[in-house]
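Residue strings, one per chain:
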Amino acid sequence: MTAHRKLILTVVAAGLFTLVLVGATAALMLAGEPDENGVGRSAAERVVVLVVLLLLASAFCGWLIVRLHDLYAASPLRMAEEVTATLAHSGLRVGEQGAAELRVLAQAVNQLLALREASENDVAERVREARASLEEERSRLAALMADLSQSVIVCNLDGRVLLYNQRARQELAAGADGGHVDLLGLGRSIYTVFDRALITHALERLQQASQLGETENGQLLGSAQFVTATPAGRLLRAHMSPVLGGDGPHHAQVGGLSITGFVLVLEDVTSSNERHARRDALIQSLIEGGRGPLGSIRAAAEMLSEVADMPAQQRDRFLRVVHDEAAKLSAQFETAASAFSNDLRERWLLEEMRGAELLVVAARRIGERRAGERRALAVKTENVDEDLWLRVDGFGLFQALRYLAWRLQDEYAVREVRLSLTRSAQLAQIDLSWLGTFMNNETAMSWLQDPMSVAGDASPLSVTDVVERCNGDIWFQRERVSHRAFFRTMLPIADAPTDLPRAVIAAAEGERPEFYDFDLFGWSAASHELDDRLLADLSYTVFDTETSGLQPTQGDEIIQIGATRIVNRRLLRHECFDQLVNPQCRLSPQSIEVHGITRELLVGQPTIDVVLPKFHAFCADTVLVGHNAAFDMRFLQLKEEQTGVRFEQPVLDTLLLSAVLHSNQTTHRLEAIAERLGVSVFGRHTALGDAIVTGEVFLKMLPLLAEMGIRTLRQAREASQKTFHARLRY
Amino acid sequence: MNRKILIADDEQNIVISIEFLLRREGFEVLVAGDGEEALAKVRGERPDLVLLDVMMPKMNGFDVCQALRADPDLAGTRILMLTAKGRDTEVSKGLGLGADGYMTKPFSTKELLAEVRKLLGM
């Protein structure tokens, strides 16, 4: 039996009891008939008393019921509501009121709620910690990538770029004509940079290699290599290795895991290839060029030695042959030797080095004790300019200085040399000086020009070779007054190396740096028709052009194109396109007032038929976004025939979208929209500046459009077309 | 009878030795300084053997060899190619074009003599 029913029974019992009392009283009163003495009540009086008593009894019963209901029925219902409310807000507590039993219950509920809140806070804290450490790891990875001297690109299986470093971007940005196009970008296809077949083939080999490895050794993973050329004609060697994940496609499974992407490490092998080719050619020419003369010498020599009865005249002819051919061979040999030494010369890479450091190391090298030498040569450094930077072949210079110093010790018994480094106008001056013994100029000259050979260390190069390789000069000089002599080396001063621009740009809190985006791993290129894709998922190229005037059909031309990209709702300011275009026509004075680009700025800039294909490549696989895009598109379309590129991408126009969002506003100029949406405007009326503002505006519009139910590309295009402005035609 | 040998080589210094060598061995020796002259002399003088250098002015040894083999009248003329390039590909090209033998400079005069005798069936 429930408490509620018990309660009702109790109330009913109490009511009945009261009624019984009232009834009894009434009966008593009715029974009190008036006697002859007139004592007692008339019948009417007794009825009134009865009614009054009845009313009093009913009121008491009513009060009792209301009181009990409040205590035992309404309070629990109120508490139930409060408990329901705590489902949504863990900070709420249940009020402790009502009957004593109910208060005990409320206390128990409150304890439970407190426990739940504590555990929720705990979970939230852990999630925050985990996210922070993940973010930290990501930043660390990005920093590491930025510092690598090799180019690294990570792609998913569709060839979408998920990550790249600064070096990869620099390496791949150089165009065929020395221009600069950013082909590499997050979410872009790697196939705009490398041939699709090349990558596909490498991926196949990768999978094969990985499967082979699996049978031999459970964990072995393959890698593949290929060599390819960049548009600028550089040769790159690419090393490809797989990225494994749990949920990749079926065909790419390796030992339970599947290949979800790949890492490309690129290395520029152009110069080493050229060098190899040159050396091969040298060896080849030496071999083949030597055969003829050797053949003649050998035949002549055999005749001379085998034929005893040769007339003197014939003998002279043979001797002359030997003589001639030997001379030819020598000449050939010399040519090859000098070519080889040139090759050696080029193989040395010059490196930036602090002059002071160079001197310290040189002093240490010179001061090393030689085998068989009683005492090491003393070296002092003096007047060292700490701020000088040099661009030198450090190893060669150490060798040269040591060779000179040790030869002084060997041949002139010099016991101490000094090294100094001073600035002399735009040159650095390194002196290797000593006291006392002088040599004559001829000897000094031969020291500088002989191949260096010190303590078994022989080099085909001379001191002069080494110094010239560093674009410097060296000579011998003496000062009679101070009794000092020195070898003076003059070298060009280099700029102190500045750090390369760091790839990782500090991102606002909660935002990722723009050079990688692992969320792209989930992408699949072919899976969706763009039209039905969510606006938030698409990649965009936001662009703007400056033109020589406003009449595309009457000969006005594009003079500047600026563009930036949006991937995963982030504006990638570092992946931009910014190019002036030589219009080959005159600029209208009004337009110059708008964009400030004068005739002189355009001299030497590429023409539209060079720029547009590059821009087309930059836009590949994205939706175009522009402010008043119809105007810009008109210019682009008029160039289709001339340049051979068609812009068939979907186009969204922020002007039209603004009209969709704020149909009651009178102006949809970019500044006005930016102000309305809280975007700060800078650098307006440069194509890139406008493109960036347009991009920011577009990003602000996306959530507003979503509120209106415009979520897919198709919906956005249809809404745009319906607005009044869509009917404008240029 | 006297066998006739044509030396086709523009390198005078090797021709001197080979000519001397072959004459001493009793052969009749003709000399041509370039490819065209070599072709003309083969047609005019009908030597039994041609020592053909690959690198010659006007017409190189391969072309001469090909022209000789294209002429059925000259089918009996033996061809020994001499070259200063020792690449395997060249050797097989020479033999493919119809040369009967191939020698790479520098060769010993004894080997040359042995090869000449072999080709002439002596």
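Residues numbered from 1 in each chain as written. Chains lettered and ligands numbered in written order. Predicted model: local features only at pLDDT ≥ 70, side-chain atom pairs only at ≥ 80, totals over all residues.

A. Seen up close, the overall build of chain A. Secondary structure assignment for chain A yields 20 helices and 20 strands. Relative to its full complement of 730 residues, chain A shows a buried share of 28%. Of the contacts made within chain A by residues no fewer than 6 positions apart, 65% connect residues no fewer than 24 positions apart. (Helix = DSSP H or I, 4+ residues; strand = E, 2+ residues; numbered from the N terminus. Buried ≥ 20, exposed ≤ 12 C-beta atoms within 10 Å, placed from the backbone. Contact = placed C-beta atoms within 7 Å.)

B. Inspection of the overall build of chain B at higher detail. When helices and strands are counted, chain B shows five helices and five strands. Taken from N to C terminus, the helices and strands of chain B fall in the order β-α-β-α-β-α-β-α-β-α. Residue burial in chain B is summarised as follows: out of 122 residues, 38% are buried. Long-range pairs, those at least 24 residues apart, make up 58% of the contacts in chain B between residues at least 6 apart in sequence.

C. Broad picture of the interface of chain A and chain B. On the side of chain B, 17 residues touch chain A, which itself brings 16 residues to the contact. Residue assignment for the side of chain A that touches chain B shows that the elements contributing at least two residues are α6 (270-306) and α7 (312-347) of chain A. Taken together, the residues of the side of chain A that touches chain B break down into five nonpolar, four polar and seven charged. (Nonpolar A, V, L, I, M, F, W, Y, C, P; charged D, E, K, R; others polar.)

D. Expanded view of helix α3 (residues 61-70) of chain B. Residues and elements named next belong to chain B. For α3, every residue scored as buried is listed here: Gly61, Phe62, Val64, Cys65 and Leu68. Buried residues in α3, looked at end-on, bunch into an arc of 160 degrees, giving them a common side. The inward-facing, buried residues of α3 contact β1 (4-8), α2 (35-45), β3 (49-53), β4 (78-83) and α4 (88-96). (Arc of directions from axis to C-beta.)

E. How the structure looks around the pairing of strand β19 (residues 623-626) of chain A. All names here are of chain A. Side chains of β19 alternate between two faces, with Val623 and Val625 and Leu624 and Gly626 buried alike. One ladder, built from three bridges, connects strand β16 (residues 540-547) with β19; its direction is parallel. Residue pairing for β19: Val542 is matched across the bridge by Val625. Two strands pair when backbone bridges link them, and β19 and strand β20 (residues 651-653) are joined in this way by three bridges, in the parallel orientation. By the bridge assignment, Val625 is partnered in β20 with Leu652. (Pairing = 2+ DSSP bridges.)

F. Seen up close, the sheet that holds β4(B). Residues and elements named next belong to chain B. The strand order across the open sheet formed by five strands is β2-β1-β3-β4-β5, and the pairing between neighbours is parallel. With partners counted over all chains shown, the strands left at the sheet margins are β2 (28-32) and β5 (101-104), one partner each. Within this sheet the neighbouring strands show an average axis-to-axis angle of 20 degrees, counted without direction. As paired strands, β1 and β2 are joined by five bridges and run parallel to one another. Across the sheet, Ile5 pairs through a bridge with Val29, a residue of β2. (Axes fitted to C-alpha atoms, helices over the stretch in contact; angles between N-to-C directions.)

G. Up close: the nonpolar core. By size, the foremost hydrophobic cluster in this structure holds 77 residues, and its most contacted members are Ile153(A), Val161(A), Val542(A), Ile561(A) and Ala563(A). With eight residues, helix α19 (residues 687-707) of chain A is the single largest residue contributor to this core. For Ile561(A), the contacting residues outside a window of four places in its chain are Phe543(A), Thr545(A), Phe577(A), Gln579(A), Val581(A), Val611(A), Phe615(A) and Ala687(A). Ranked by size, the runner-up nonpolar core spans 39 residues in total, among them Ala299(A), Met303(A), Val50(B) and Met81(B). (Core = buried A, V, L, I, M, F, W, Y, C linked by C-beta atoms within 7 Å.)

H. Looking closely at the sheet that holds strand β18 (residues 570-580) of chain A. Residue and element names in this part refer to chain A. Spatial ordering of the open sheet is given by β18-β17-β16-β19-β20, a layout of five strands whose pairing is mixed. The outermost strands of the open sheet, each flanked by one partner alone, are β18 and β20. Strand-to-strand twist of the sheet, defined as the mean angle between neighbouring strand axes without regard to direction, takes the value 25 degrees. With respect to the sheet, helix α15 (residues 629-638) is in contact with β16, β17 (558-567), β19 and β20, its orientation differing from that of β16 by roughly 75 degrees. Across the sheet, α19 touches β16, β17, β18 and β19, and the angle it forms with β17 is around 35 degrees.

I. Layout of the packing of helix α17 (residues 654-661) of chain A against α19(A). Residues and elements named next belong to chain A. Contact pair α17 / α19: the axes reach a minimum separation of 11 Å and the direction vectors enclose 35 degrees. For the element pair α17 and α19, the recorded crossing hand is left-handed. The segment α17 lies against α19, with Thr654, Leu657 and Leu661 engaging Thr694, Val697, Phe698, Met701, Leu704 and Leu705. Within the contact of α17 with α19, the residues separate by chemical class into seven nonpolar, two polar and no charged. (Left-handed = near helix turned anticlockwise from the far one by under 90°.)

J. Up close: the confidence of the model for chain A. All names here are of chain A. Chain-level pLDDT for chain A is 79 on average; 84% of the residues reach the 70-or-more range. Looking over chain A, one finds the lowest element-wise mean pLDDT in strand β5 (residues 253-254), namely 54, and the highest in strand β10 (residues 416-424), namely 91. Confidence drops under pLDDT 50 across residues 499-516; counting only partners more than four residues distant or on other chains, this segment forms 34 contacts. A low-confidence stretch, residues 518-528 (pLDDT under 50), is modelled with 18 contacts involving residues beyond four sequence positions or located in other chains. (pLDDT = per-residue confidence, 0-100.)

K. A look at the environment of Thr437(A). Residues and elements named next belong to chain A. Within the secondary structure, Thr437 is located in the loop between β11 (427-435) and α10 (441-449). It is 8.0 Å that separates the C-alpha atoms of Thr437 and Ala485, two residues lying 48 residues apart in sequence. With residues up to four places along the chain from it excluded, the contact list for Thr437 reads Tyr412 and Val414.

L. Structural view of the pairing of strand β14 (residues 473-479) of chain A. All names here are of chain A. Strand direction decides the pairing type here: β14 and strand β15 (residues 484-494), joined by seven bridges, are antiparallel. Residue pairing for β15: Ile474 is matched across the bridge by Thr489. Here β14 folds back onto β15 in antiparallel fashion, the turn holding four residues, of which His483 has a positive phi close to 60 degrees.

M. Representation of helix α1 (residues 12-24) of chain B. Residue and element names in this part refer to chain B. Between its first and last C-alpha atoms α1 spans 18 Å; for 13 residues at 1.5 Å apiece the expected length is 18 Å, and the two agree. Every buried residue belonging to α1 is among Asn13, Ile14, Val15, Ile16, Ser17, Ile18, Phe20, Leu21 and Leu22, and all of these are buried. The first or second residue beyond α1 is Gly26, which carries a positive phi of 95 degrees. (Expected span 1.5 Å × (residues − 1).)

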